[in-house]
Every structure is written in C-alpha cells, then in structure tokens.
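Summary of the model geometry
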Amino acid sequence: MSGHRGATAETPIAEALTGALDRLQTACELGRDRLPDDAAARLDATLERAGTRRSLSADHTVVGIFGPTGSGKSSLVNALSGTGAARVAARRPTTSEPLALVWGRQGSDELLDWLGVRQRVELPEGAPLVGGSAGTGHEPSATADPDGQPIGDVPSPRAQAAPEVDPDSPTPGAAAPGRRGFLGWRRRRRAVSSGTGAAPEPPAVATGTGAGLILLDLPDFDSTARAHREIVERLAGQVDVLLWVVDPQKYADAALHHGFLRGLANHDAVTLVALNQADRLGEQDLGDVTASLAGILEGEGLRGVTVFPVSALTGRGVDELASAVRDLAEGRAAATRRIAADAARAADELLPFVAEQPVAAPSDEARTTLAQGLGTAAGVPVVVDAVRSAYRRDAHAATGWPVTRWLGRFRADPLRRLNLRRQDVVPEVRRSSLPLSQPAQRARVDQTLRVFGDEVAHGVVEPWHTSIRDASRGTADDLTDALDAAVTTADLETGRRAWWRIFGVLQWIAFAALVAGLVWLGVLAVLGFLQLPAIDVPRVEGFPVPTLLILGGAGSGVLLGVLAALLARWGAARRAARVRRRLLAACAQAAEDIAVVPVEDEVDRCNRFRAAVLDARRIR
C-alpha cells in the first residue's frame, strides 16, 4: 500500500517507486561511514523528503511557481487562479514569503506545514481547478497563517466582478463573469477594462474530480536577499511540480539554468516552463525565443519539457498552461513522479561510487600469500629452525657417546629460549618469546595485510577500495595476538622418539664393552707390573678378547654416533617440515577468521551496494 493519504492502492509507478526507495535505503545503510559526507547527506535528505511526502496528502498536487525578478510570476499566479491573491507591481515588487493558493483544504494543512508555507489562500469548496469554466465564482477565504491570523487582504473575485457586464452576453441577465470560473473571470475583466472586448472563452473542463491543488507563489530565485534564495532552493526540492516562469530578457539566465535546471535533468515529467510576456514579441521573434529556450532545456536533459508562451497581461497561452497544471492535479501522480525523479537522480549521484563489475572474493592465491606473509611475520621460520635444532640436540643427548653426550647440556635449548618447550610452561599461560611485539615485525604484519587488501580491492572504485583495505589492516592488533596464540598452541612434537632409546641402550653397551676391555687390559698390566702370575687371556681368531672389546666398543660407539646423527638430521628435517605445515595452517586459520572474514564482508557489502543502486536506477 502507498504511504500517501487518500490512496487506496498503489499504481505500477508507485509500486516501482516503493522498491526503488527500499533499494536506496539499503544503499544508504550499506554506504554509511563509507560514502563522502556530502553524498551521504544528499541521499539521507532525498529519502527523508520522499518518506515525509508519501505520508502526506496524495490528493493534493503542489505546484511551485519559480521565476527571476520581473518575470511576472505573481501576475501569472493571479491569471491561473482567477484571483488577486498574489500582490504584484508596486504593491509587492518582490515576493518575500511563499504564498499558497489551495483548492481543497482537507489534508492540505499538514502538507503546507511541512512545506513551511504560512501564507495561505483557501479557494471555496466547489471552486474549479485552474482554467475550469464550470463551478461558481465563490470568494476565496482570507489569507491566514497557521495561527489563524489574517495576513493582508485578498481581493474577492465576486466583489470586483459585480459591476462588470459581459459584453458578449446575448441577453440581459446572462451569467455574471464570476460563474465562468476564476480564470475566465480574470481574463474577461482584463479584456473589458482594456477596452478590447471579450476575451476568448476558456475550454469547458469538467470539475468535481476531488483532486486538490496548491499553487505556490515563491520569492525570486535571483533575489539579493539570501533568505529568499534559501526558500526557493528548499521548496525546489519539495514541491511536486516545478513551474518555471521566464521572460524574453532572462530566459537564458545562468542563475536559472546552472543553479537549478541542470540539477533536474531527469525531472521533465514534473517540470513546466512558461515564457511570460509573450505579448512583447512579434510572432517571428516569439518562435525564435521559444525554440532557443527549448534547445537550452534539451541540452540540460529536459527533453520532454514543453515551453508555453504566455502573457499574464493579455491571457495568451494561459489556458494551455492551466490545462497542463490541471491535468497534473487531476492525475494525482505528480508527487509520485517527482519522488521517482528524485530517487533516480539520487541513484545517478551514487554511480561514481559503484564498482563497474561485482568485486570478487579473495582468491586462493591471495589467501596463501597472506598466510605465508603472516607466518613469516609470526616467526614461523624461527620456530621451524628451533624445532630442527632442538630435535638434533635432543637426539644427540639420547643417542650420543655416553662420555661426551653430557657436553650437549651446555648447548642452549632453542625451544626453551623461545619459551616453547611444552613441559616447561603451562599451556594456559604460555607466551612465546617470538618478535611479534617488536615494531619491525608488527610493521611486517601491517604490510602483509595492506598488500592483501590492495590485491582484493584492485580496480575497485573509492570509497570501497579504501574500505576493503582498511577492513584488512584494521585487524592487525587482533591478528598479532592470534598469531602468537597459533604458534604457542601448535604441536611442535617435542617428545622423544623410540629409536633414540634403542640407540641409547646400544651406545651404553658399546661403552660398557670398551670399559670392560680397558679394565681387563688394565688388570693384566697391573699383574705384569707386580710380577704376579699372568692370567690366560682368551683369544678369538688370535686376537685377545680385551682388545676386541676395546676396539669393538669404540668402533660401535662411533658407528652408532654417526648413524644416529644421520638419522637425527633426517628426522629433524621431517619434523621441521611437519611443524612448518602445521604452523602455516594455524596462521592461515587465524588469518581466515580475523583478516579474511572482514574483507569478505566488506566485499559483499560493496557488491550489495552496487546491486541496490543499479536496481534503484530502474525507476527511471
């Protein structure tokens, strides 16, 4: 259902407008804190105006009559309304405050309050819309502000028309001019007063449609008073229909075309242009000026706007202009078309911030590069080297020559130096000694995140390029802690290997054989030195057993040591490779959870903003 009061069902354009405004609202929410402040403010203002206008009377069409000084717009207001409500010439050379002429009061007060119009002239019930010929020439009510206080005097058509007699009336007692409608009365009065005879009859147009109309006589947009221009600028964004009144001298005024019309390029459906004072030009000159003005409007994007040559003084062309205004009022779609044009313009203004193509999510290559870069920053190579060195140190301590293996205790434990030796630290309070807290390493994290963000946002327009990169870089602090936790909680396989124990036992056996041979030979040497009876030494293949024990023990120890060193080097490499993969996976998971997810969310936000803006543009 439409938000307009008085509407019972949405027309297709109203339904399309509802969808477009929803898309613009979505774009506004998605672009918050991303779009430039001025663009966001304009979008907010457009949505606020649209929401407010749709909540007010749908039966009334607000026609704002704009024009420069001396264009005769107030006179044209009087000609269209058939009243003398708008003061002209010496009585009010410059309109200083908006004046509203209201057909159909019900529902108009709130609308005029929103427009900020205090001066109001209410036409009596049953009065025809502009240009109508049916109805009764009732007197308009006094102009009043919202507090009910009268503001000035408003001439009464009936009172002014009473002394006049219709010169074209075929019989005495024919209908008074007031019964021909306000516009017909006004034109006929001018004709009689000027002595030119009766003016042409306006076309008979049926009324009683229940459509409401509000004509706004506005201050001059080129007034030297800043307050006047502010009023015009505000109401130019609020009225349903914009009627621009120009004269032959100022129809190409830059203040009009550059200051107003250029920004309304897609508002041709709710824009009317009246070239007033047409009576001052000859037919040839009038055609040339009209064509020139139409060309200027077309160049500014207002291709569907008709230029009405009119003369508020003689009434020329006023009927045609009044008919156009009346058609808009009786159609009751001008407000919807104006909001739709505003929505289309708002969507167009967002196009510079829309990516040409949907932004792709971070690629697998980008994720891998990110994980490797963060792994380097987190000290994964340092940890891997420490694991390799610690494996070889531990293997030597378990399988080395028993006499010399104790010397390995004087070598620093690489993992303990990094505070990564599991049995020494409680996992809940473990904190590594990796250099992540150092400025250089933190800068490395930030640089890696920046490169990742730039790669994902490559070719994306602002502000989304910056927002995607910031989404990546903004995770640096959390990611630093997560990387340290990922390293300290990873399984570094610091446990002993089964073959170490076997080699350790074999080394002790070899050492025992060596010691036994030495002791045996020592005993034999002591006995010989003391000239005691010698003990027979068993021989194997002619070699004394003690000698074989010494040679076998020493040789076995060396062989076992060399073999253990080779196995330790191979095992250390395998363990280091497994730990490296495990650490990089942990870093990748930390990067995925903390850095990649926000970037993916920002990419999705950018794509949804793009879809919302492009969908909103379909209202045109």
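A few points on the structure. Predicted, not measured: the structure shown is a model, and the values here were computed from it. (Residues numbered from 1 in each chain as written. Predicted model: local features only at pLDDT ≥ 70, side-chain atom pairs only at ≥ 80, totals over all residues. Heavy atoms only, no water.)

1. Looking at helix α19 (residues 545–616)
Residues spaced three or four apart along an α-helix point in a common direction, a consequence of the helix completing one turn every 3.6 residues. Counted at 1.5 Å a residue, the expected span for α19 with its 72 residues is 106 Å, and the 101 Å between its end C-alpha atoms agrees. At Glu-592, α19 shows its largest kink, close to 45°. (Helix = DSSP H or I, 4+ residues; strand = E, 2+ residues; numbered from the N terminus. Expected span 1.5 Å × (residues − 1). Bend = angle between axes of the 7 residues up to and from the residue.)

2. Thoughts on unusual backbone geometry
Here the amide bond leading from Glu-462 into Pro-463 is cis, since omega sits at 5°, within 30 degrees of zero. For Pro-463, the location among the structural elements is in the loop between α15 (439–456) and α16 (464–473). Not every positive phi belongs to a glycine, and Asp-33 is a case in point at roughly 70°. Among the structural elements, Asp-33 can be located in the loop between α1 (12–31) and α2 (37–55). Positive phi, normally seen in glycine, also occurs at Arg-332, with a value near 55°. With respect to the helices, strands and loops of the structure, Arg-332 is situated in the loop between α10 (318–331) and α11 (334–350).

3. Focus on the packing of helix α12 (residues 364–377) against α15
Contact geometry for α12 and α15: axes closest at 9 Å, N-to-C directions at 175°. When the axis of α12 is compared with that of α15, the two are roughly antiparallel. For the pair α12 and α15, the contacting residues are Ala-366, Arg-367, Leu-370, Gly-373, Leu-374, Thr-376 and Ala-377 in the first and Gln-441, Arg-444, Val-445, Thr-448, Leu-449, Phe-452 and Glu-455 in the second. For the contact of α12 with α15, a count of residues per class yields seven nonpolar, four polar and three charged. (Axes fitted to C-alpha atoms, helices over the stretch in contact; angles between N-to-C directions. Parallel < 35°, antiparallel > 145°, perpendicular 65-115°, else oblique. Contact = heavy atoms within 4.5 Å. Nonpolar A, V, L, I, M, F, W, Y, C, P; charged D, E, K, R; others polar.)

4. Re the sheet that holds strand β5 (residues 241–246)
Read from one edge to the other, the open sheet built from seven strands follows the order β3-β2-β4-β1-β5-β6-β7, with strand pairing classed as mixed. Bordering the open sheet on either side are β3 (119–123) and β7 (307–309), each of which pairs with just one other strand. Each adjacent strand pair in this sheet contributes to an overall mean axis angle of 20°, direction not counted. Here β5 pairs with strand β6 (residues 271–275) via five bridges, running parallel. Opposite Val-245, over in β6, you have Ala-274 as the bridge partner. Along the sheet, helix α9 (residues 283–299) contacts β5, β6 and β7; its crossing angle with β7, the most-contacted strand, is approximately 160°. Against the sheet, α10 touches β1 (60–66), β4 (212–217), β5, β6 and β7, its axis set at about 165° to β6. (Pairing = 2+ DSSP bridges.)

5. Looking at a nonpolar patch on the surface
On the surface, a cluster of nonpolar side chains totalling about 360 Å² of accessible area is made up of Ile-502, Val-505, Leu-506 and Ile-509. As for its position among the elements, Ile-502 is in helix α18 (residues 498–529). Assessed through its relative accessible area of 52%, Ile-502 is described here as exposed. (Patch = residues over 30% accessible without salt bridge, like charges linked within 9 Å, V, L, I, M, F, W, Y side chains within 5 Å. Areas by Shrake-Rupley, 256 points an atom, 1.4 Å probe, with all protein chains shown as cover. Salt bridge = Lys/Arg side-chain N within 4 Å of Asp/Glu carboxyl O. Buried < 20%, exposed > 50% of the residue type's maximum accessible area, 1.4 Å probe, protein only.)

6. A short note on the side chain of Thr-475
Along the chain, Thr-475 turns up in the loop between α16 and α17 (476–489). Judged by its relative accessible area of 7%, Thr-475 falls in the buried class. A distance of 2.7 Å separates the side chain of Thr-475 from the backbone oxygen of Ser-472, its partner in a polar contact. With residues up to four places along the chain from it excluded, the contact list for Thr-475 reads Leu-449, Ile-594, Ala-595 and Pro-598. (Polar contact = N/O pair within 3.5 Å; in protein donor to acceptor, adjacent residues only side chain to side chain.)

7. Considerations on the packing of α1 against α2
For the pair α1 and α2, the least separation of the axes is 10 Å and the interaxial angle reads 145°. The element α1 and its partner α2 pack so that their crossing is left-handed. Across the interface between the two elements, Ala-14, Leu-17, Thr-18, Leu-21, Leu-24, Gln-25, Ala-27 and Cys-28 from α1 touch Leu-43, Asp-44, Leu-47, Ala-50 and Arg-54 from α2. The class makeup of the residues in the contact of α1 with α2 is nine nonpolar, two polar and two charged. (Left-handed = near helix turned anticlockwise from the far one by under 90°.)

8. Points about the environment of Val-325
Turning to its location among the elements, Val-325 is positioned in helix α10. The exposure class of Val-325 is buried, given its relative accessible area of 1%. Along the primary structure Val-325 and Val-62 are separated by 263 residues, whereas in three dimensions their C-alpha atoms are 10.0 Å apart.

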